[in-house]
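Residue-level structural notes
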Amino acid sequence: MSPSSHPLARARSFSCRFCGAALETTFVDLGMSPLCESYVRPDQLAEMEPFYPLHAYVCGQCFLVQLQEFVTPDEIFTEYAYFSSYSTSWVEHARRYAETMIARFALGTDSKVMEIASNDGYLLQHFVARGVPVLGIEPAANVAKAAIDKGVPSTVRFFGRKVGAEIAAEHGRPDLLLGNNVLAHVPDINDLVGGMKILLAPHGVITMEFPHLQRLMAENQFDTIYHEHFSYLSFVTTERIFAHHGITIFDVEELPTHGGSLCIYGRHAENAALAVSGRVRELRQREIDDGFLTLERYRGFDEQVRATKRKLLSFLIDAKQRGKKVIGYGAPGKGNTLLNYCGIRTDFLDFTVDANPYKQGKFTPGTRIPIRAPEALREARPDYVLILPWNLKDEISVQAAYIRDWGGKFVVPIPEVRVL
Ligand SMILES: [Zn+2]
């Protein structure tokens, strides 16, 4: 084996997934971590788990923040544990989105809406309810089946250029092509965006929602970094990627979802009928003024993350020394980055609870914290409930408001530890 073909040699000098430049600058190094959706079954407790480096780099040429790919999309997506419909606020967000798109782009029974990574149909169901024809494109067979069962036509495929051309031939071209949290989660971002260019109708509109890197950095959301989340996108870099594939971003919205997301609106570069909005120019300039086209802007994040970890551990150590009982709420992917990076196991959290029955009875990856149904909180009567999906803290603190009956308090770990 020659030195350059050894896997470790390759790992040390990998290149940008968009522009191909060598990646040399660390964004943040979160150490070794297991795949965050690999929940451990009781019969697997005596087995080892694979851990991979969770080390994000920033490209010096295009400023795409990214992780290396250690696992194939097949391994991640074929049986995915994330069912979007378990979050009521996310389903409501999807309903409002559908209403807005139907009105803004005059979608009706003659239109076609397609969603990439359509999950369990949580979003397309709102178009179906209004009589708009849809097709879900979902790589995980078990979640696609859930969509089909609720009346959302779905095809089980991993989207890219080849599948984009196949779907155009089999189903026609969509007037609205959307993807939420897919841009960041697909390793081959060029194949994804190239496929959208192929599939979209000439007059069609693309919308994509993804976490905004500027907000991630401003609010210490390092726990949203996990192996399945390959790219961390600023607006300026996203615009560059889409332009490379012949798609112009003509509008953008800043949303509160997932701790601060962008919803971009794209169209074929050739389709000048949709004018580029002032919001595009304003956000682009705001990021440039904030330094997002300089490497210096990204270099301080690693120490900011270490400081956040020290504050969370100080709180937990103090609580345990005062004899307090602490229990987690939720077992989201982001929680697993936080727990592994901070070294939080059952020494700090007795267990965690999650509304998703797929996760109940299993253990968190790496940290092996038991996951129970939310009702277990009532029996345990914890002093503190650490909300791991902090982006849903409002929803959770209402759903589990009963912990206040015995003096329990909610705690969020991000942007820094805080008792609510
Ligand atoms: Zn690059």
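Notes on the structure follow. Computed from a predicted model, the values in this text were never measured in an experiment. Sequence positions are assigned chain by chain, starting from 1 and proceeding in written order. With pLDDT at 70 or above as the cut-off, local features in this predicted model cover only qualifying residues; side-chain atom pairs require 80 or more to be listed or tallied, and sums for whole chains, interfaces and linings still use all residues. The side-chain quantities take in all heavy atoms of the structure and omit both hydrogens and water.

1. Some thoughts on the sheet that holds strand 15 (residues 384-387)
- We treat two strands as partners when DSSP finds at least two bridges between them. Starting at the N terminus, helices and strands are each numbered in turn, a helix being any DSSP run of H or I of at least four residues and a strand any DSSP run of E of at least two. Strand order in the open sheet formed by six strands is 14-13-12-15-16-17, and the pairing between neighbours is mixed. The sheet terminates laterally at strand 14 (371-372) and strand 17 (418-419), the two strands that pair on one side only.

2. Concerning the pairing of strand 4 (residues 113-116)
- Because side chains alternate across strand 4, one face comprises the buried residues Val 113 and Glu 115, and the other comprises Met 114 and Ile 116, equally buried.
- Pairing of strand 4 with strand 5 (residues 134-137), which is carried by four bridges, proceeds in the parallel orientation. When the sheet's bridge partners are listed, Met 114 is paired in strand 5 with Leu 135.
- For the crossover from strand 4 across helix 4 (residues 124-129) to strand 5, the handedness is right-handed.
- The pairing of strand 4 with strand 7 (residues 176-180) spans four bridges and is classified as parallel. Its bridge partner lying in strand 7, Val 113 is registered against Leu 176. For each residue, the accessible area found with a 1.4 Å probe, counting protein chains only, is set against the maximum for its type, and the residue is called buried under 20%, exposed over 50%, and partly exposed in between. A clockwise course of the path from the first strand over the helix to the second, judged with the strands pointing away from the viewer, identifies a crossover as right-handed.

3. Points about the packing of helix 12 (residues 301-321) against helix 13 (residues 333-342)
- Structural elements are reduced to axes, namely lines fitted to C-alpha atoms, with helices fitted over the stretch in contact, and the angle between N-to-C directions of any two is expressed from 0 to 180 degrees. With their axes 10 Å apart at the nearest point, helix 12 and helix 13 run at an angle of 80° to one another. Comparing the axis directions of helix 12 and helix 13 gives the class roughly perpendicular. Only Leu 338, Tyr 341 and Cys 342 of helix 13 make contact with helix 12, whose side of the interface consists of Val 305, Arg 306, Lys 309, Leu 312 and Leu 313.
- Among the residues forming the contact of helix 12 with helix 13, the class breakdown is six nonpolar, no polar and two charged. An angle below 35 degrees is treated as roughly parallel, one above 145 as roughly antiparallel, one from 65 to 115 as roughly perpendicular, and anything else as oblique. Note on contacts: a residue pair is in contact if any heavy atoms of the two residues lie within 4.5 Å. Residues are grouped as follows: nonpolar covers Ala, Val, Leu, Ile, Met, Phe, Trp, Tyr, Cys and Pro; charged covers Asp, Glu, Lys and Arg; every other residue, Gly included, is treated as polar.

4. Here's the deal with the coordination of the zinc ion
- Donor atoms from the polypeptide that bind the zinc ion are Cys 16 (SG), Cys 19 (SG), Cys 59 (SG) and Cys 62 (SG), placed at 2.3 Å.
- Coordination at the zinc ion is tetrahedral, judged from the four donor atoms that bind it and the angles of 101 to 120° they form at the metal.
- Atoms of type N, O and S within 2.8 Å of a metal are treated as its donors, and for Na, K and Ca the window is 3.2 Å; water is not considered, so some sites may appear to be missing partners. One chain supplies every donor for the zinc ion, spaced along it as C-x2-C-x39-C-x2-C. Of the two residues, Cys 19 sits in the loop between helix 1 (7-12) and strand 1 (25-33) while Cys 62 sits in the loop between strand 2 (52-58) and strand 3 (65-66), which places them 43 residues apart along the sequence.
- By relative accessible area, Cys 62 is classed as buried at 1%. Geometry assignment treats four donors as tetrahedral when all angles are between 85 and 135 degrees, treats four as square planar and six as octahedral when opposite donors are over 155 degrees apart and all others between 65 and 115, and treats everything else as irregular.

5. Let's talk about the pairing of strand 7
- Summarising burial for strand 7: five of the five residues are buried, a large majority.
- As judged from the five bridges shared by strand 7 and strand 8 (residues 205-211), these two strands associate in the parallel manner. If you follow Asn 180 over to strand 8, its bridge partner there is Glu 209.
- For the crossover that starts at strand 7, traverses helix 7 (residues 189-199) and ends in the parallel strand 8, the hand is right-handed.

6. Some thoughts on the nonpolar core
- Ranked by internal contacts, the top residues of the largest apolar core, which has 57 residues, are Phe 27, Leu 213, Tyr 298, Ile 344 and Leu 377.
- Broken down by element, this core gets its largest block of residues, seven residues, from helix 12.
- Residues within four places of Leu 213 in sequence aside, it is in contact with Phe 27, Val 65, Tyr 232, Leu 233, Ser 234, Phe 292 and Tyr 298.
- Side-chain atoms within 4.5 Å are what join buried Ala, Val, Leu, Ile, Met, Phe, Trp, Tyr and Cys residues into a set we call a nonpolar core. Ile 167, Leu 183, Met 208 and Ile 247 belong to the second-largest nonpolar core, a separate cluster that totals 41 residues.

7. Digging into the sheet that holds strand 2
- Read from one edge to the other, the open sheet built from four strands follows the order 1-2-3-9, with strand pairing classed as antiparallel. At either margin of the open sheet sits one strand with a lone partner, and together these are strand 1 and strand 9 (231-232).
- Sheet topology note: the strand 1/strand 2 ladder contains six bridges and is antiparallel. Bridge pairing in strand 2 links Val 28 to Ala 56.

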